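One letter stands for each residue in the lines below.
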Amino acid sequence: MRAWNRPFPPFRVIGNIYYVGSNAIAQYLITTPQGHILLDSGFEASVPRLADNVRALGFRVEDVKLLLASHAHIDHVQGHAAAHRLTGAQVIVSAPDAPVIASGGKGEPVYDGVYAWAPCPVDRVVADGESVTLGGTTMVAHLTPGHTRGATTWTMEVDDGGRKLAVVFFPSANVNPGVRLVDNPKYPEIATDFQRSFALWKSLPCDVLLGAHGSFYDMDAKHDRLTKGATANPFIDPQGYRRLIAEAEKRFQDQLASERR
Ligand SMILES: [Zn+2]
């Protein structure tokens, strides 16, 4: 996973949303006049770099008030305990992923016994449709299980020069290597969870596509276009969102069909 964790220059994506992650693992800083929201912490070892990225953008790490999660896998939440200590932020995660984050990886159907990390206290759990508000920014948690039991699609509205745009932070719809969709004793309801999540994703409005990995939305290429002065913000990509969901659903359906054969 080292190849996913190279430094990347932090940048403003759109409105009050900033990218503060690595070359491949995304972390987002959402700034408000009453403090900031951090979505995902990444690997523990790169939390100091994450903090440097926040400072390089001109913000104070101590002003991060809320720490959220896309899903309870090591590359997104291993740094939660360290980021929590550093910021004092309230940790808010989905109910199904909370015990995994609070125990440092226990009970996760794919990686329990493979990866463990520093447990991070959870201050508040959110259910499907619940929202979190800070300084005029509201983020809504949509539970989209499958990749993990508590994988969360966070959405918000961003102001782009007076225009209100719908933002989707996509957690992942990947079926990890070796994971079975049929007769999976560790996660028997995985296939129906994915099916419900795909239905939700297809119903969500999306103007600005972001996600837990840059590869989900061509972060590199879009960042390139942004820094070269693209007139329209490249991260506004409703077609890219529909394509991402359609491709992920096709991979899921293909695997499901081949397991049932
Ligand atoms: Zn994952």
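Whatever comes next refers back to the structure up there.
Residues numbered from 1 in each chain as written. Predicted model: local features only at pLDDT ≥ 70, side-chain atom pairs only at ≥ 80, totals over all residues. Heavy atoms only, no water.

Caption draft 1: Structural detail: the nonpolar core. If you look at the biggest cluster of nonpolar residues, it comprises 53 residues, and the most contacted ones within it are I17, Y19, Y28, W154, F169, L210 and Y217. Not counting residues within four places of it along the chain, the set of residues in contact with Y28 comprises I17, Y18, Y19, V20, I37, L38, L39, F169, L210, G211 and Y217. In terms of nonpolar packing, the next biggest core, distinct from the first, is built from 27 residues, I25, V54, V77 and A98 among them. (Core = buried A, V, L, I, M, F, W, Y, C linked by side-chain atoms within 4.5 Å. Buried < 20%, exposed > 50% of the residue type's maximum accessible area, 1.4 Å probe, protein only. Contact = heavy atoms within 4.5 Å.)

Caption draft 2: Local environment of the sheet that holds strand β10 (residues 152-160). Taking strand neighbours across the sheet as the criterion, the five strands line up as β8-β9-β10-β11-β12 in an open arrangement whose pairing is mixed. Looking at which strands have only one partner, the edges of the open sheet turn out to be β8 (131-134) and β12 (208-211). The mean angle between the axes of side-by-side strands here comes to 25 degrees, regardless of whether they run parallel or antiparallel. The sheet contact formed by β8 and strand β9 (residues 137-143) spans four bridges and is antiparallel. From the neighbouring strand, V132 faces β9, where its bridge partner is M139. (Pairing = 2+ DSSP bridges. Helix = DSSP H or I, 4+ residues; strand = E, 2+ residues; numbered from the N terminus. Axes fitted to C-alpha atoms, helices over the stretch in contact; angles between N-to-C directions.)

Caption draft 3: Here's a closer look at the environment of L256. Tracing the sequence through the fold places L256 in helix α7 (residues 238-260). Here L256 falls in the buried class, since its relative accessible area comes to 2%. Residues L256 and G214, spaced 42 residues apart in sequence, show a C-alpha to C-alpha distance of 26 Å.

Caption draft 4: Just the pattern of salt bridges, in detail. Tallying each qualifying case throughout the model produces 12 salt bridges. A salt bridge links D159 to K164; its shortest N-O distance comes to 3.4 Å. A salt bridge links E259 to R180; the nearest nitrogen and oxygen atoms lie 3.7 Å apart. In this pair, E259 sits in helix α7 while R180 sits in the loop between β11 (163-170) and α5 (190-203), placing the two residues 79 residues apart along the sequence. (Salt bridge = Lys/Arg side-chain N within 4 Å of Asp/Glu carboxyl O.)

Caption draft 5: Local environment of the coordination of the zinc ion. Looking at the metal site, the zinc ion is ligated by H71 (NE2), H73 (ND1) and H147 (NE2), spaced 2.1 to 2.3 Å from it. Sequence positions of the residues that donate to the zinc ion give the spacing H-x1-H-x73-H. Taken together, the residues span a long stretch of sequence, with H71 in the loop between β5 (64-68) and α2 (74-77) and H147 in the loop between β9 and β10 at a distance of 76 residues. The exposure class of H71 is buried, given its relative accessible area of 1%. With a relative accessible area of 8%, H147 lands in the buried category. (Donors = N, O, S within 2.8 Å, 3.2 Å for Na, K, Ca; no water.)

Caption draft 6: Structural context of the pairing of β11. For β11, the buried fraction is high: six of the eight residues fall into the buried class. Sheet analysis places β10 next to β11, joined by seven bridges and oriented antiparallel. Along β11, the bridge assignment pairs M156 with V167. Remark: two residues form the turn of the hairpin made by β10 and β11, two consecutive strands paired antiparallel; G161 in that turn has positive phi of roughly 60 degrees. After leaving β11, the chain enters α5 and then returns to the sheet as β12, a path that is right-handed. (Right-handed = clockwise from strand over helix to strand, strands pointing away.)

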